[in-house]
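Each chain, letter by letter, is given below.
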Amino acid sequence: MPVRSDPRRTRPRTRSTLVLRDASILDVETGEVSSPRTIVAHDGDIVEISTSTRTVPGAQELSVVGSTVLPGLIDAHAHVTQASGDFTEILSWSPSYHAARTAEVLHRMLLRGFTTVRDMGGADTGLRRAIEERLLTGPRLKAGGPIFAPTGGHALTRVVDGEAEVRRALRAELRDGADHIKLTLSGGVISKMRIDSLGFSEAEILAAVDEAALAHRYVGAHVYSAEAVSRALRLGVRTIEHGNFLDEECIALFLERDAYYVPTLATFWAIVEGHTGQHLDAAKRTAVVEVFERGLESLALADRSGVRIGYGTDLHGEGLAFQLEEFAIRGRVQDPLAVIRSATLTGAEIIGESGRLGVVREGAKADLIAVNGDPLSDLAVLSSGRALRLIVTDGEVLR
Ligand code: ZN
Ligand code: ZN
């Protein structure tokens, strides 16, 4: 299977220059907002940020006076192929129909201001290629292929048992260009495996971490309990997904191992307050309320302990509409700047794109958004979506 994009197809169709005038840029590292600047982007890169007012021949010019310019947002835990919340329905779709539904999900994510998405199960490298070749309009995509789970793991996963099977399956996925590997290391809220059950043996996890390391990539893991989080971190997992029940031991391990925490509170919020969980029975709904509340406590603990935290949402089906709600949810226990850093700087670190994505500076990709209002004083500027005025992806104005 050809996994690399064809360079003849990925070249910019027209060599384009974009000039954004009057840009008050939020420096997500310092939290300072600049006085009005001119941003010049050429062929997808920011080539100049200055106070110059000279005209650039042949450039598209726009003024964003009065709004705040931020780096394009990064969702570090999404499932772009889960256009329905009913996994049985998804499995009934033909590949071409599934691709069309996925294209719509991708487009909408970009329209919310997410210029980069790390897919944590479902998206293959063909989607990444289709976006790079501009066959689809969507965020930059980091794709890891299927979620790997042991027998008994939850829906839409690829079952692998035993060290040899794990290595064989991961080698194929890494050969085909996966950006990362996703393992299920505990049960989940809606899975058949109990939430406190541990998935995979130590030997299987070590084999997966080893295979990913050999390919210079990494493993992210679905885990809930403190026991499962600590076990994953001790065995070399780099990103912890969900992690709603952290304790002090988990925190110490995050810091010691330079690992990342990617909470996904929006998916539980969508069930509790966004009314997407009508199909769940009363016991499951009560369990979700607890998972959500403990998730907020864990986020607060990780934040005050200095753990590096990415922005994740883990939504599917109608819940996808709540992708920006995670800003408001996190704002209950974190400073606005900390939440914005998660969705920019830290997201870029997680996907290995520090300095290129998640920042507005010379030499970075020209992925940015402009919002009306000050997101540092009110995260609703981001979470409501209504203040979004401009989206630039790869140096091109989307709207
Ligand atoms: Zn999960
Ligand atoms: Zn997920």
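Residues numbered from 1 in each chain as written. Chains lettered and ligands numbered in written order. Predicted model: local features only at pLDDT ≥ 70, side-chain atom pairs only at ≥ 80, totals over all residues. Heavy atoms only, no water.

1. Observations concerning the domain arrangement of the chain
As a reminder, the rule being used: Throughout the structure description, domain borders are defined by an automatic or database domain assignment. In this analysis, two residues are considered to be in contact whenever any of their non-hydrogen atoms come within 4.5 Å of each other. In this description, buried area is defined as the sum, over both parts, of the accessible area (probe of 1.4 Å) that is lost when the two are combined. By convention in these notes, a salt bridge is any Lys or Arg side-chain nitrogen within 4 Å of a carboxyl oxygen on Asp or Glu. Pairs of N or O atoms within 3.5 Å make up the polar contacts considered here, provided that, within protein, one atom can donate a hydrogen while the other can accept it, and that residues adjacent in sequence are counted only when both atoms are side-chain atoms. Only DSSP runs of H or I with at least four residues qualify as helices, and only runs of E with at least two residues qualify as strands; both kinds are numbered from the N terminus onward. Lys, Arg, Asp and Glu make up the charged group, whereas Ala, Val, Leu, Ile, Met, Phe, Trp, Tyr, Cys and Pro make up the nonpolar group; the residues left over, Gly among them, are polar.
Domain boundaries assigned for the chain yield domain 1 (17–71 + 359–397) and domain 2 (73–350). Its C-alpha centre places domain 1 at a distance of 29 Å from the equivalent point of domain 2. Residue-level contacts link 23 residues of domain 1 with 21 residues of domain 2. Between domain 1 and domain 2 lies a buried interface of about 1,800 Å² when both sides are counted; carbon and sulfur atoms form 67% of it. Taken together, domain 1 and domain 2 are joined by four salt bridges. Residue Arg 134 pairs with Asp 394 through a salt bridge whose shortest N-O separation is 3.1 Å. The tally of links from domain 1 across to domain 2 stands at six residue pairs in polar contact (both at pLDDT 80 or more). Mapped onto the side of domain 1 that touches domain 2, the elements with two or more residues apiece are β5 (67–71), α13 (380–383) and β17 (388–393). In terms of residue count, the dominant contributor to the side of domain 1 that touches domain 2 is β17 (four residues). Of the residues belonging to the side of domain 1 that touches domain 2, the class tally is 13 nonpolar, five polar and five charged.

2. Side note on helix α10 (residues 282–305)
Basically, it comes down to this: Expected span, for any helix, means 1.5 Å times one less than how many residues it has. The buried label applies to any residue whose accessible area, calculated with a 1.4 Å probe on protein chains only, is under 20% of its type's maximum; exposed applies above 50%, and partly exposed to all values in between.
The terminal C-alpha atoms of α10 lie 35 Å apart, and with 24 residues this matches the ideal 34 Å at 1.5 Å per residue to within 8%. Turning to α10, its buried residues number three or more, namely Val 288, Val 291, Phe 292, Gly 295, Leu 296, Ser 298, Leu 299, Ala 300, Leu 301 and Ala 302. Looking at the buried side of α10, the elements it contacts are α8 (248–257), β14 (260–262), α9 (265–272), β15 (308–309) and α11 (325–330). Within two residues after α10, Gly 306 carries a phi angle of roughly 85 degrees, on the positive side.

3. Observations concerning empty space enclosed by the protein
Note the cut-off: Using a 1 Å grid laid over the protein atoms alone, points where a 1.4 Å probe fits but cannot get out form a cavity; open sets with protein on both sides within 12 Å along at least 5 of 7 lines form a pocket; any residue with an atom within 4 Å of a point counts as lining. Grid points are joined across faces, edges and corners, and a volume is the space filled by probe spheres set on the points.
Summed over all chains, the structure comprises three cavities of 30 Å³ or more. As a volume, the largest cavity reaches approximately 40 Å³. What lines the largest cavity is simply Leu 73, Arg 112, Leu 324, Ile 369, Val 371, Val 381, Leu 382, Gly 385 and Leu 388. Within the residue set of the lining of the largest cavity, elements represented by two or more residues are β16 (368–372) and α13. By residue class, the composition of the lining of the largest cavity is seven nonpolar, one polar and one charged. Both domains that furnish three or more residues to the lining of the largest cavity are identified here as domain 1 (17–71 + 359–397) and domain 2 (73–350).

4. Focus: the pairing of β17
The line we're drawing: A strand pair is defined by DSSP finding two or more bridges across the two strands.
Among the six residues in β17, five count as buried, and that is most of the element. Sheet topology note: the β16/β17 ladder contains four bridges and is antiparallel. Its bridge partner lying in β17, Ile 369 is registered against Ile 391. Note: β17 against strand β18 (residues 396–397), two bridges, orientation antiparallel. By the bridge assignment, Thr 393 is partnered in β18 with Glu 396. Here β17 hands over to β18 after two residues, with Asp 394 in that stretch at a positive phi of 55 degrees.

5. Concerning the environment of Arg 234
Here Arg 234 lies in helix α7 (residues 226–234). Arg 234 sits 22 residues away from Glu 256 along the chain, and the two C-alpha atoms are 9.7 Å apart. The residues contacting Arg 234, other than those within four sequence positions of it, are Glu 249, Leu 253 and Arg 257.

6. Notes on the pairing of β16
With respect to burial, β16 is a largely interior element, four of its five residues being buried. Inspection of the sheet shows β5 paired to β16 by five bridges, in the antiparallel sense. Its bridge partner lying in β16, Pro 71 is registered against Leu 368.

7. Brief notes about the sheet that holds strand β8 (residues 140–142)
For the record, the criterion: Structural elements are reduced to axes, namely lines fitted to C-alpha atoms, with helices fitted over the stretch in contact, and the angle between N-to-C directions of any two is expressed from 0 to 180 degrees.
Spatial strand order, β6-β7-β8: three strands in an open sheet with parallel pairing. Since the sheet does not close on itself, it has two edges, and those belong to β6 (73–78) and β8, each with one partner. Adjacent strand axes in the sheet meet at a mean angle of 20 degrees, parallel and antiparallel pairs treated alike. As paired strands, β6 and strand β7 (residues 114–119) are joined by four bridges and run parallel to one another. If you follow Ile 74 over to β7, its bridge partner there is Thr 116.

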